[in-house]
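Here is what each chain is made of, one letter per residue.
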Amino acid sequence: MTLFSAFASFIFTLAAVVENQPVMESSYVAAVYEHNLILNPEPLVQLSRSAALQHMQKNLDIYEEQAAEAAKQGAQILVFPEDGIHGYHFSRSSISGYLETIPDPQQESWNPCTEPEKYNVTEVLQRLSCMARRNKLYLVANMAGLQPCPLKTDPTSSCPSDGRWQFNTNVVFRSDGLLVARYHKYNLFFEESFDTPPQPELIAFDTPFAGKFGLITCFDILFHKPTIALVEKGVRQLIFPTAWMNLLPLLDSVQFHRALSLGANITLLAANLRNDRLNMRGSGIYTPFSATYHHAQRGDPEEGRLLVAKVPVLDQQWLDKNVTTQEEVVKAELISPKATDSGFCHQESCSDASPAPASSDNFTSLMMYDLFTFVLVNETEGVTNVCSGTFCCLLEYRRFPQGDSEELYALGAFAGMHKNGIYAHQVCALVRCAGLDLSSCGQEVEEAESKMDFQLEGRFGTRNVYPSVLASKMVLEQPEHFEKGADGRVILKHSNMSGGLVTACLYGRMYHLDNE
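Scoring rules and cut-offs
Residues numbered from 1 in each chain as written. Predicted model: local features only at pLDDT ≥ 70, side-chain atom pairs only at ≥ 80, totals over all residues. Heavy atoms only, no water. Disulfide = S-S within 2.5 Å. Helix = DSSP H or I, 4+ residues; strand = E, 2+ residues; numbered from the N terminus. Buried < 20%, exposed > 50% of the residue type's maximum accessible area, 1.4 Å probe, protein only. Pairing = 2+ DSSP bridges. Contact = heavy atoms within 4.5 Å. Axes fitted to C-alpha atoms, helices over the stretch in contact; angles between N-to-C directions. Patch = residues over 30% accessible without salt bridge, like charges linked within 9 Å, V, L, I, M, F, W, Y side chains within 5 Å. Areas by Shrake-Rupley, 256 points an atom, 1.4 Å probe, with all protein chains shown as cover. Salt bridge = Lys/Arg side-chain N within 4 Å of Asp/Glu carboxyl O. UniProt positions renumbered as here; feature names shortened; annotations may be inferred. Polar contact = N/O pair within 3.5 Å; in protein donor to acceptor, adjacent residues only side chain to side chain.

## A word on the state of the cysteines
Covalently bonding the sulfur atom of one cysteine to the sulfur atom of another cysteine gives a disulfide. Under the defined criterion, the tally for this structure stands at five disulfides. In this model Cys-393 forms its disulfide with Cys-428; the gap between the sulfur atoms is 2.0 Å. Residues Cys-393 and Cys-428 are joined through a disulfide that is left-handed, its torsion about the S-S bond being -85 degrees. With Cys-393 in strand E17 (residues 391-400) and Cys-428 in strand E19 (residues 424-432), this pair connects stretches of sequence that are 35 residues apart. In this structure Cys-428 comes out as buried when scored by relative accessible area, which is 0%. Note on Cys-505: no disulfide assigned, nearest cysteine sulfur contributed by Cys-428 at a separation of 8.0 Å.

Dropping the structure here:
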């Protein structure tokens, strides 16, 4: 039996991922803004509160313009990026002028726009609240938060020595300006100015137009808590302010954010910064059915971009309550009949299986700091496989070179801890190499000419596998077919590409092996 014929053996209704969004009565209008941040040129120099405010007001002026434009286009919820008001690269002390104490909306009700006198030093909160109220939309922003904590003599106390926590904080305002949610980022990424919260928070809020949304921030997306923990609690609509630095060939912004949306079967509202020096670009509104995104090309003007899209409601409780005919709702549910044998191990982790014999054609090369095992994909068509220990990836492909260009492709496999020692993953990746020598396989590439029809398959030790197909010039391809089997077998199939193939990837996260 060929790999292509094996598709009839089991079904994943989400895999009928098509470009056309389903016709649904239940939808809302979402907006995300990719912000060209006005930076503090000397973030390590401590500013007075008035000077810090003067800086932040410049970014908030841009937010005001975008909120008005989003409202004009019918947006009901608007998401701004991480660090978009204050910036980054501060020290713990130099950020002090930017901090505001943010009350917990789970403990008290406060509308900063209509009750500005209730708390001092809350000018940013007040302006965001009035922005939401003026434009009659839900507004999500990221800011620098302050929370006093009791100093204790107990050496196990998590309270910093200066008696306060400084948190990277998402805030959410209702369309009348009421503060309805506050989330402290848990998985920090080299953020000296902020503290890790004592415990991870699972924060969600309700809306009248789409039900429940969960909050995560940037690096959080790679971890079980809070991201997958929210999904496991039934939250299928996530809001994602980020300051994402792109890392090809596996973790470009639009590539991975779209992959998570497909693999976790969720909606992700992703707002990124635009900073070419740090390679920050790429925002989008991703659902299991569609992707509205923007990814600037190198050399494009460095400017902001507002994205607005109609989005299907995925909150099942909201649908049950508000949709009278359930048949109107397109469900994306996993159906897992028994998969046919493909020659891979049947154990969940494959740890008991014997590794495939090493091929003399295999070679190793670094990809995103991990040592992948590769095999060249250099025929017009064929079937090949490669293994990293007992974890194996299988590819059937047909290649369509364009013009006279000579391009090298390779299939790579990796299973284990990422170099940072924090998280574990299993990856099957078909990549265009940066050059014609083997050591270039795994390096960053943004353009390609060769198109491919392919089926990529692996048997994973996790259900959390995220598929992506990235074409030349950072164009997302909607996978033609994506399947997950009950035994860990995962298949990604695609054909009729619109551009040359940069990367096709099955990215599996082994959350249970993480060192958190």
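Picking up where we left off.
## Section: the sheet that holds strand E22 (residues 475-476)
Across the sheet, which stays open at both edges, the seven strands sit in the order E14-E15-E18-E19-E25-E21-E22 with antiparallel pairing between neighbours. Strand pairing shows two members of the sheet lacking a second neighbour, strand E14 (363-367) and E22, which therefore form its edges. Sheet analysis places E19 next to strand E25 (residues 501-509), joined by seven bridges and oriented antiparallel. In the sheet register, Ala-429 faces E25, and the bridge partner there is Cys-505. Relative to strand E21 (residues 465-471), helix H4 (residues 253-264) is tilted by about 140 degrees, and along the sheet it contacts E21, E22 and E25.

## Some words on a nonpolar patch on the surface
Nonpolar side chains collect at one region of the surface, where Phe-189, Phe-190 and Met-245 lie side by side and expose about 360 Å² of accessible area between them. Positionally, Met-245 belongs in the loop between strand E9 (237-241) and H4. Of the residues examined, Met-245 reaches a relative accessible area of 39% and is grouped as partly exposed.

## Structural notes on the UniProt feature "active site" (unreviewed entry) in the protein chain
Mapped onto this structure's residue numbering, the UniProt feature "active site" (unreviewed entry) falls at Glu-82, Lys-185 and Cys-218. With the annotated positions falling across 137 residues, the maximum pairwise C-alpha distance of 10.2 Å places them together in a single cluster. Tracing the sequence through the fold places Lys-185 in the loop between strand E6 (179-184) and strand E7 (204-207). In this view, Lys-185 contacts Glu-82, Asn-168, Glu-191, Pro-197, Thr-217, Cys-218, Phe-219 and Asp-220; residues no more than four positions away in its chain are not counted. One polar contact links Lys-185 to Glu-82, side chain to side chain, over a distance of 2.9 Å. Along the chain, Cys-218 turns up in the loop between strand E8 (211-215) and helix H3 (224-232).

## Brief notes about the pattern of salt bridges
Under the defined criterion, the tally for this structure stands at 21 salt bridges. Close ionic contact of Glu-457 with Arg-489 constitutes a salt bridge, the shortest N to O distance being 2.7 Å. Pair noted here: Glu-457 is in strand E20 (residues 451-459) and Arg-489 is in strand E24 (residues 489-494), with a separation of 32 residues, a long-range link. Taken individually, Glu-457 and Arg-489 each receive the classification buried, so the pair is uniform in this respect. A network of salt bridges, in which partner residues are shared, links Asp-61, Glu-64, Arg-127 and Arg-134.

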